[in-house]
Amino acid sequence: MHYFWVPFLPMLGIIIPLLTNKFNRSTCALATALLPALALGLILFDLPAVLDGQAFTQSIEWIPLLGLNLSFRLDGLSVLFSLLILGIGLLVILYARYYLSEKDHMGRFYCYLIMFMTAMLGIVMSNNMLQLWFYWELTSISSFLLISFWSHSSDARKGARMALTITGAGGLALLAGIVLLGEVVGSYQLNVVLNSAELVQQHPYYLAILSLFLLGAFTKSAQFPFHFWLPHAMAAPTPVSAYLHSATMVKAGIFLLARFYPVLAGTEVWFVVVSLTGLFTLLLGAYTALFKHDLKGLLAYSTISHLGLIVLLLGLNTELAAIAAVFHIINHAIFKASLFMAAGIIDHESGSRDMRKLNGLWKYMPITATLAMVASASMAGVPLLNGFLSKEMFFTETLDQSILGSLSWLIPVLATIGGAFAVAYSLRFIHDVFFNGEPKGLTKTPHEPPRYMRVPVEILVALCLVVGIFPAYTVGPLLDSASLAVLNHPLPEFSLAIWHGFNIPLLMSGLAIAGGLAIYLNRKPLFRFEGLFPAIDAKIKFEGAIQACVRWAQKVNQTLESGSLQRYAFWLCFFALALIAPPLLDLDTTRGSQAEYPLNGAVAIAAVLLVAGSLATVIWSHYRLIALLMLSLVGLVVSITFAYFSAPDLALTQLSVEIVTVILLLLALYFFPQHTPTSKSRPSHFVRDLAVASLIGCIIGSICFALMTSPLDSISEFFIANAKTGGGGTNVVNVILVDFRGFDTFGEITVLGIAALGIYKLIARMRLSMRTKDHDGRLWATDKYPVLLSVISQSLLPLFLLISAYIFMRGHNLPGGGFIAGLITSIALIQQYLAHGVDWMTKRVSVSYHYFIAIGLVTAAITGLGSWAFGQPFLTSWFDYFSLPWIGKFELTSALVFDLGVYLTVIGATLLILANLGKLTTKERLTVGVR
Amino acid sequence: MSLLDHLVIFPILLPFFAGVILLFPSISSALNKQRVFTIATSVLMVIAAAMLLIKVQSTGIQVYALGNWSAPFGIVLVADAFSALMIALSAILGLAVILYASAGEDKNGAFFHPLIMFQLMGINGAFLTGDAFNLFVFFEVLLIASYSLMIHGGGKQRVQANIHYVFLNLIGSSLFLFALGTLYGTLGTLNFADMADKIPHLSNNELMITKSGALLLLAVFGLKAAMLPLHFWLPKAYANTSAPVAALFAIMTKVGIYSIWRVHGVMFGNQAGELANIALPWLWPIALATIAIGAISVLASQSLRVLCSNLVIVSVGTLLVTITLNSVQASTAGIYYLVHSTIACAAMFLLAGLIQQQRGKAEDRFVTARAMPQSAKLGFVFALLAIALIGMPPLSGFVGKALILQSVTDTKQMAWIWSLILGAGLISLIALSRAGTSLFWRTSGENTTALQGSPIQYLAIGILVALLPLMVIFGGSISDYAQLAAEQLNAGLSLQQLNEVAK
Amino acid sequence: MLSYATLFASGLICIALALNAWRLIVGPTTPDRIIAVDTMYINSIALIILLGLYQGTTSYYESALLIALLGFVSTAAFCKYLLRGDIIE
């Protein structure tokens, strides 16, 4: 079969208009029409088989996990819709060629139009529900682009957004419905789903599925209460309206109802909800249409009304009603498309769409007027036109209803009233525009459009007539096969004749026409009555509602994201607290089986000092220098504690880090106010923060206590056992750092390097002004570089370096190592900066410190890479023992080279930070304190 | 071992060496050389990542024992289908970001290129490592690099947002250490596989302490992932930093998600005995609230970058939902969605950079401004990205969303999750359509002086945008791969299996 | 005998440390506090050496050495800060 290619042809065609836009307009339009025409040809090629009552499906797996297949079907319903989409689409292309002005970007317009056409074709030909939804959403997107085509106009933007929002919401509901239905049936393939009516309707999810599907369909087909977007979509260029609001976009919702009719319809809920929604929409649309002064507005509400009619038909519980629905789909598409085009011609050639200005156009454009009048007559349901036939069928079906129980007689009555209003607004369309005096205040003199602009209208109006007069020979077979697809079982008997004899439906038609005439003749009091109601602009309402939501959201957002760091930190701590505390409540005791260390005086005093130091740091945190001094106390006690508990490596590290930190903070402190403004926090916040902080402290303390008193079987035994034999060192800490977990160290020195680069990046361009006095108002001392300090520092340098070399070399076997040695060297150099200043040092150390970082990191990494040469993974260590005369036995290890990398990185990073912080003010130093 | 046997560590070493080499003289002062060098490295990284992906797919999980010390004593890198995918994602993102920045954004501060490289190293390390403490180390690498990158270009707001970011993450890092100490204190090991093996065999007292530690990790990862109520730092930080950095950061929240997945979804997942699924009761409400609050903030956003940041939060909530659902099907959906949302958000951040650059003082705020000189191009890309972010066809968002919807099976969960996810989709639709119409259509006059985006910037965005339809067209094989990843992830890895693979 | 002596000495040093801490906390001036910290460094050298003597190990020696060497640097930095504000000029 060839139909499989039908949806792809227009898809390929999406870019054609963009490519041909640079040629003249007719070429562009022709090129655009080429692929859709080809697609239409393919459909026609397969048409006979379908008319014979066959249905075809073809699938290719796409995303099996999702249940999404590339799957198309060709049955009566999809053929019918494809013909409408492609046929009317081609006419719209022709029409738009003349409608669009020179200013409009024709390529873009056609591009969107074809995109829309592709999407519609996809919907009607899909044999996979997810794929159907895929195209469904594409229609929302492309219709957004089409409606907002004249994007400079605020109306177009708002109308497009409204359409997108409503249909988008419906689309989401539809997705939910489809996934639910797919879960229930176990397949997303329509040929499976459509035959599972019983399974679905008895499933507890049925109601949910039905409501979601109806949401999707009603939003798309502008059914009450979602109808309000449609009139505002009229801001689109008229060819778009002619296409979207006759045969396609709004019919997608109808299509959905028809497509899923076999599986979803047939229950009480369906009939009640669908028919009542349809009925109400029918009346509302018909009534409102009468009062619209805008031609397109009238047509828009008339569309809503006719869509309501079709929905009502689908909701009536007789099979003939469904057939009538299909028939009216065809008829409405034909006459409404021609009416929109006619309205577009009038607008185009007279410059207005306002029926209060447009009068008596008969004289200026008789041909167009004739065409429009025939089409309106069809819309009104005048005999010999196609609209009459389906309306007659509609009236027949309303008579045969029981869904409202004893009130079912209301349905035919209301249907007749709706029909009367349809006649009235059709009359108004004809009489107001083409007769009724002379045009008022038009900007240009109306005239007939270019020849070919009228051709599409002529073709459509001809169809109205042909179908209206010879229904059985024209649409008969198509209607049969489409209805077959909707009902999914053999059709009941029905006849497509114009004349069924004198019967009630004919009487209803007659009443409707007479009633319509009466309404139109008495329109003045009706208009006055309507004028008593305040005019509601749905667009403004909708926009207002959205904006109210936005404002509300902003309020919520501002309450949550207050911008207060204190609050964010509180949330983090509080959240952590809420997570860690509850499990501990289930814990009987934190005391484990491990014996505790005996307490002695020294430990007690150290503990007291530690606590006092920490508290003092917190209490004086507003006096930064003092807080820093207190912090030194804490650091010192911690180092002593490390030493006491046999962790000399840690003690050494802590000490050297401590010093570097102090210098770093002193450097930074200089640029800060000396005192933080005393706490501005509210007392309640103070209590809150204090509580959270203390609780966290208590909990972490308890956990630590619990852990330290419990025995632990850990991987550290392995490290102790293998340090010498596997890592070649007796200092387990160092072997862990450079060998067992050398990769961590590798990462950490990278962190150090990055930190230095980052700080450099932050302050590189910063130049800060200097204060001339200290905080207490004293002038600075005049002696920049005190001699005593300079001499001592300089003479200590070799000692420092010696010690750092010593610490470095012995690291693998005794406390020490590259990190500590690096810090010692850095401190030695910083001491020189302190004593001699930046300029003095710059002369002596000309290398930029970030090279140190780079060399250090490369050294460490190359050591790691070296093991690749020996077929070992990254960072595999190597060591061996050698002996040389005089020196004796010694060990060489790759870990030492790695440690050298650590050493260099530490120096580079520390000095890059400190020296650059020092440089912040070098040049600007004023001669202060000279007096 | 041949060179290819070291493939697992390439994603860490390549950016590392590149970053270091960029610091050496002659290249460190020549921006053009740096650009060429980092772009070349990024291409290499993409190739390496692709090779790793193929290798993992064809031969299964790869383990690399650093220093040749076997687990649990040494550190191992573990590349399974999930981590390989994340590596590939970060490589592609890295390439796009560097291309984009090479058009001039990298001039506005020192060390941009090396820092990006180190950032990628940290991200890749976090994805690959099979060791808890090593994860901490790589978190530090990526954090410290991100601190510096975030202030790239300078400016008061940027620095201010950065202070919040740094401060909160410092708290996070300390909590991370506490948590690791606690877990090590009861489990006596740091290797993920070994930890998972030991968790079901804990004594009563140890159980509760382990639970505390594990949940504390949730706070740590949650902060990184920006889940509620730890998300506050994100919108300001992401919205105020430079475009390429924000784009790269799109994957940073995913690092947090990834870790939650590994630790709370699997290690403390179904097989954790008494501690099975301890995080789920927390994650449920958090995930849903994150989506809700994220969506509300999306609606409230007044500039494109803030909007996009809030979309990141919504995606975080969505991903948490898939973790919480705790099934292979949900993980598959989550993994697919993760890739999609990262790419789409990153591309949107890059695009926001261009928009900001062309709108003068109005920047990317939703106000009337002069039309952008490249409005048509930008608008086209914006429309594509908006479609993807909302989760509409034909781009990858809808596949992820549909997969997630399908993976919810319980009726009660369905009501909550479906309505929130679909509702968030609708809100994104409203917000993005408003954003797009204001940015591109509500214009007054032409802006001819603004800087035009350079082709290389469009190339960068193009690479990312092109992936979105490709993820749909090849959705079959990609979702199959995601399923493989989800299966490996949910099956977990015991120490024994790990060491067998290592041999 | 030695162990008693070291214990006794440690006790005294601990008391000295506590007194230093007292001075550090009460001040009243910043130089007081700086000197208090410096003295604490010196006292802790003594404490660590005594600890080594008591336990008969040399592994604490380096810690003491480092405190001796580095403590001076931070004190000098504090002083420079008081004198000139900017410690590296």
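Residues numbered from 1 in each chain as written. Chains lettered and ligands numbered in written order. Predicted model: local features only at pLDDT ≥ 70, side-chain atom pairs only at ≥ 80, totals over all residues.

1. Brief notes about the overall build of chain A
Helix and strand counts for chain A stand at 39 helices and 4 strands. For 931 residues, the compact-globule estimate of 2.2 N^0.38 gives 30 Å, and the C-alpha radius of gyration of chain A, at 43 Å, exceeds that figure by more than 25%. With the principal axes as the frame, chain A shows a C-alpha extent of 130 × 70 × 60 Å. For chain A, the proportion of its 931 residues judged to be buried stands at 53%. Sequence separation of at least 24 residues holds for 79% of the intrachain contacts in chain A that already meet a minimum separation of 6. (Helix = DSSP H or I, 4+ residues; strand = E, 2+ residues; numbered from the N terminus. Rg over C-alpha atoms; globule rule 2.2 N^0.38 Å. Buried ≥ 20, exposed ≤ 12 C-beta atoms within 10 Å, placed from the backbone. Contact = placed C-beta atoms within 7 Å.)

2. Some remarks on the interface of chain C and chain A
Across the boundary between the two partners, chain C contributes 41 residues, which contact 48 residues of chain A. Among the secondary structure elements, those contributing two or more residues to the side of chain C that touches chain A are helix 1 (2-26), helix 2 (30-55) and helix 3 (61-84) of chain C. Here the element with the most residues in the side of chain C that touches chain A is helix 3 of chain C; it accounts for 16 residues. Residue composition of the side of chain C that touches chain A, by class: 27 nonpolar, 8 polar and 6 charged. (Nonpolar A, V, L, I, M, F, W, Y, C, P; charged D, E, K, R; others polar.)

3. Concerning the nonpolar core
Ranked by internal contacts, the top residues of the largest apolar core, which has 575 residues, are Ala 96, Leu 351 and Leu 385 of chain B. For this core, the leading source of residues is helix 17 (residues 319-350) of chain A, giving 20 residues. (Core = buried A, V, L, I, M, F, W, Y, C linked by C-beta atoms within 7 Å.)

4. Side note on the domain arrangement of chain A
What the domain assignment lists for chain A is domain 1 (1-264), domain 2 (268-490 + 501-521) and domain 3 (730-931). Once you take the C-alpha centre of each, domain 2 of chain A and domain 3 of chain A turn out to be 88 Å apart. (Domains from an automatic or database assignment.)

5. Observations concerning the pairing of strand 3 (residues 879-884) of chain A
All names here are of chain A. Summarising burial for strand 3: 0 of the 6 residues are buried, a small minority. Strand direction decides the pairing type here: strand 3 and strand 4 (residues 888-893), joined by 6 bridges, are antiparallel. The partner of Phe 882 across the bridge, within strand 4, is Phe 890. The antiparallel hairpin formed by strand 3 and strand 4 contains 3 residues in its connecting segment, where Trp 886 sits at a positive phi of about 70 degrees. (Pairing = 2+ DSSP bridges.)

6. Here we look at the arrangement of the chains
Counting contacts across all 2 pairs of chains found in contact, the highest total belongs to chains A and B. At their nearest point, the C-alpha atoms of chain B and chain C are still 23 Å apart, with no contact between the two.

7. With respect to the confidence of the model for chain A
All names here are of chain A. Summing up the model confidence of chain A, the mean pLDDT is 88 and the portion of residues at 70 or higher is 97%. Taken element by element, the predicted model of chain A shows its lowest mean pLDDT in strand 4 (79) and its highest in helix 10 (residues 206-220) (94). Per-residue pLDDT stays below 50 along residues 927-931; that stretch engages in 9 contacts with residues further than four places along the chain or on separate chains. (pLDDT = per-residue confidence, 0-100.)

8. Quick look at the interface of chain B and chain A
In many analyses, interface size is given as the accessible surface area lost on bringing the parts together. Contacts between the two partners involve 93 residues from chain B, matched on the other side by 87 residues from chain A. Its residues placed into classes, the side of chain B that touches chain A shows 64 nonpolar, 25 polar and 4 charged.

9. Remarks on the confidence of the model for chain B
Put simply, chain B has an average pLDDT of 91, and 99% of its residues get 70 or more. Within chain B, strand 4 (residues 443-446) of chain B has the poorest average pLDDT of any element, 79, and helix 3 (residues 81-101) of chain B the best, 95.

10. Some words on helix 3 of chain B
An ideal rise of 1.5 Å per residue puts 30 Å on 21 residues; helix 3 of chain B measures up with 30 Å between its terminal C-alpha atoms. With 21 of 21 residues buried, helix 3 of chain B is to be regarded as a mostly interior element. (Expected span 1.5 Å × (residues − 1).)

11. A closer look at the environment of Leu 484 of chain A
Residues and elements named next belong to chain A. For Leu 484, the location among the structural elements is in helix 23 (residues 476-487). A count of 21 C-beta atoms within 10 Å places Leu 484 in the buried class. C-alpha of Leu 484 to C-alpha of Ile 703: the two residues are 219 residues apart in sequence and 74 Å apart in space. Not counting residues within four places of it along the chain, the set of residues in contact with Leu 484 comprises Gly 53, Gly 76 and Leu 491.

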